[in-house]
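So you can see what is in the structure, the chains are spelled out below.
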Amino acid sequence: MKITFELADGSEIVADAEPGMRVKDAALAAGVPQITGDCGGNLSCATCHVLVTDDWVEKVGQPGEMEDVMLDMTAVARQDHSRLSCQIEMTEALAGLRVRVPE
Ligand code: FES
């Protein structure tokens with residue numbers, strides 16, 4: 001399945017993902033800039049910040065309590081559809097997911 005990362009400069013990177021994979025890991029494998037995932041997905045760095053595009057918000061769902069706290073520590077201020085990509089697990093329902101990468 002594919003995940004499209006929309007970059008701030010208008011370009012896109014399409015990453016491959018398998019069910020069960022975290023969106024953060026797909027971003028790292030595809031070399032998406034700005035997503036560094038410094039803590040390895042342990043919810044302690046907020047360097048995996050993405051903005052879920054409108055069409056996908058419902059399917060992706062809302063952040064959990066800890067993630068919500070960490071979203072206040074992102075380098076780029078959080079927005080309505082901010083998520084930490086290490087906390088989004090790919091499922092068949094998310095095939096074709098599109099997220100924006102904050103600058
Ligand atoms: Fe550190 Fe997501 S990789 S919070």
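Note: the structure precedes this text.
For clarity, every value in this text was computed on a predicted model and none was experimentally measured.

Examining the overall build of the protein chain
Stage number 1. A count of helices and strands for the protein chain gives three helices and five strands.
Stage number 2. Across the protein chain, helices and strands are ordered from the amino to the carboxyl terminus as β-β-α-β-α-α-β-β.
Stage number 3. Its C-alpha radius of gyration of 12 Å places the protein chain within 12% of the 13 Å reference for a compact globule of 103 residues.
Stage number 4. Burial statistics for the protein chain: of 103 residues in total, 45% are counted as buried.

Observations regarding the sheet that holds strand E5 (residues 97–100)
Stage number 1. Strand order in the open sheet formed by five strands is E2-E1-E5-E3-E4, and the pairing between neighbours is mixed. With one partner strand each, in any of the chains shown, strand E2 (12–16) and strand E4 (82–84) form the two edges of the open sheet. Ignoring strand direction, the axes of neighbouring strands in this sheet form an average angle of 35 degrees.
Stage number 2. Pairing between strand E1 (residues 2–6) and E2: five bridges, direction antiparallel. Counterpart to Ile3 in the pairing with E2 is Ala15.

Here's the deal with helix H1 (residues 23–30)
Stage number 1. For H1, the full list of buried residues reads Val23, Lys24, Ala26 and Ala27. Viewed end-on, H1 has its buried residues packed into an arc of 165 degrees, placing them on one side of the element.
Stage number 2. Considering only its buried residues, H1 is in contact with E1, E2 and E5.
Stage number 3. Positioned one or two residues after H1, Gly31 has a phi angle of 75 degrees, which is positive.

Structural notes on the side chain of Ser82
Stage number 1. Along the chain, Ser82 turns up in strand E4.
Stage number 2. With relative accessibility at 3%, the residue Ser82 sits in the buried group.
Stage number 3. A distance of 2.8 Å separates a polar atom in the side chain of Ser82 from a polar atom in the side chain of His49.
Stage number 4. Polar contacts involving the side chain of Ser82 include one to the main-chain amide nitrogen of Gln79, which spans 2.7 Å.
Stage number 5. Look past the residues within four positions of Ser82 in its chain and what remains in contact with it is His49, Val50, Leu51 and Leu71.

Brief notes about the environment of Asp9
Stage number 1. Tracing the chain through its elements places Asp9 in the loop between E1 and E2.
Stage number 2. Between the C-alpha atoms of Asp9 and Glu89, which are 80 residues apart in sequence, the distance is 26 Å.
Stage number 3. Within the local environment of Asp9, its side chain forms a polar contact with the side chain of Ser11, the two groups lying 2.5 Å apart.

Calculation notes
- Residues numbered from 1 in each chain as written.
- Predicted model: local features only at pLDDT ≥ 70, side-chain atom pairs only at ≥ 80, totals over all residues.
- Heavy atoms only, no water.
- Helix = DSSP H or I, 4+ residues; strand = E, 2+ residues; numbered from the N terminus.
- Rg over C-alpha atoms; globule rule 2.2 N^0.38 Å.
- Buried < 20%, exposed > 50% of the residue type's maximum accessible area, 1.4 Å probe, protein only.
- Pairing = 2+ DSSP bridges.
- Axes fitted to C-alpha atoms, helices over the stretch in contact; angles between N-to-C directions.
- Arc of directions from axis to C-beta.
- Contact = heavy atoms within 4.5 Å.
- Polar contact = N/O pair within 3.5 Å; in protein donor to acceptor, adjacent residues only side chain to side chain.

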